[in-house]
Amino acid sequence: MNDMTFQTGGDWSSTTLYNNGVEVPAAQLFIELRAGRDEWDNPTRGGIYEGTDLTALVRPQNDPEGAVDILPGRVTLTFPGHSVVLENYHPMVEPDSTRVFYNGQDITDRVVEVYVDVNALEDVVKAFVTVYKAHWIAADEAITYTIVA
């Protein structure tokens, strides 16, 4: 079972990735979770329980073409001012077994998208979280929190 911990202070020299306490020299960390969408791909309430597409992988520095799945397990991502935790302990990584936390708050039933691409080879760092917010009187909305642009 993986227990990945990614942390950055905002530059490459402060960026680390560990799995079960052992440093992982990675060329890329990529996570994409898409959930909470209706049949027209519009955000809707329900989060992962409305269907989920999930990719979570690491490309090692010594073999950037070979991708290694992160899940089953837990991934903790820490950026300046933001933290994202993605958990799925099911042996077959069943989508309904996924839990998502953003800044300590469980957003599993409201998540629309989690996207993290930390790619040292292409000098790309992009991360955001989109959450569905239902309103009682006003129209519902999907809010995107940009972590790194």
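Residues numbered from 1 in each chain as written. Predicted model: local features only at pLDDT ≥ 70, side-chain atom pairs only at ≥ 80, totals over all residues. Heavy atoms only, no water.

**Notes on the pattern of salt bridges**
Applicable threshold: We define a salt bridge as a side-chain nitrogen of Lys or Arg found within 4 Å of a carboxyl oxygen belonging to Asp or Glu. The numbering of helices and of strands both runs from the N terminus, where a helix is a DSSP run of H or I of at least 4 residues and a strand a run of E of at least 2. Only protein chains enter the calculation, and the probe is 1.4 Å; a residue is then buried if its accessible area is under 20% of its type maximum, exposed if over 50%, and partly exposed in between.
Following the criterion strictly, the structure yields seven salt bridges and no others. Ionic pairing is found between Arg 34 and Glu 113, a salt bridge with its closest N-O pair at 3.8 Å. Here the residue Arg 34 occupies a position in strand 4 (residues 26–35), and Glu 113 occupies one in strand 11 (residues 111–119), the gap between them amounting to 79 residues. Overall, the relative accessible area of 24% leaves Arg 34 in the partly exposed class. A salt bridge links Glu 87 to Arg 74; its shortest N-O distance comes to 2.4 Å.

**Side note on the pairing of strand 1 (residues 2–7)**
We count it as follows: We treat two strands as partners when DSSP finds at least two bridges between them.
Two elements, strand 1 and strand 7 (residues 73–79), share six bridges in a ladder whose sense is parallel. Note on strand 7: the bridge partner recorded for Phe 6 is Leu 77. The sheet contact formed by strand 1 and strand 2 (residues 16–19) spans four bridges and is antiparallel. Pairing of Phe 6 across the sheet is with Leu 17, part of strand 2.

**Some details on the sheet that holds strand 7**
Pairing is mixed across the open sheet formed by seven strands, whose spatial order is 3-2-1-7-8-9-10. Every interior strand has two partners, whereas the edge strands, strand 3 (22–23) and strand 10 (105–106), have only one. Relative to strand 8 (residues 82–88), strand 7 is paired through seven bridges, and the arrangement is antiparallel. Considered in strand 8, the bridge of Thr 78 is made with Ser 83.

**Here we look at the sheet that holds strand 6 (residues 68–69)**
Across the sheet, which stays open at both edges, the six strands sit in the order 6-5-4-11-12-13 with antiparallel pairing between neighbours. Single-partner strands in this sheet number two, and they are strand 6 and strand 13 (141–148). Across seven bridges, the pairing between strand 12 (residues 124–133) and strand 13 is antiparallel. Along strand 13, the bridge assignment pairs Lys 133 with Glu 141.

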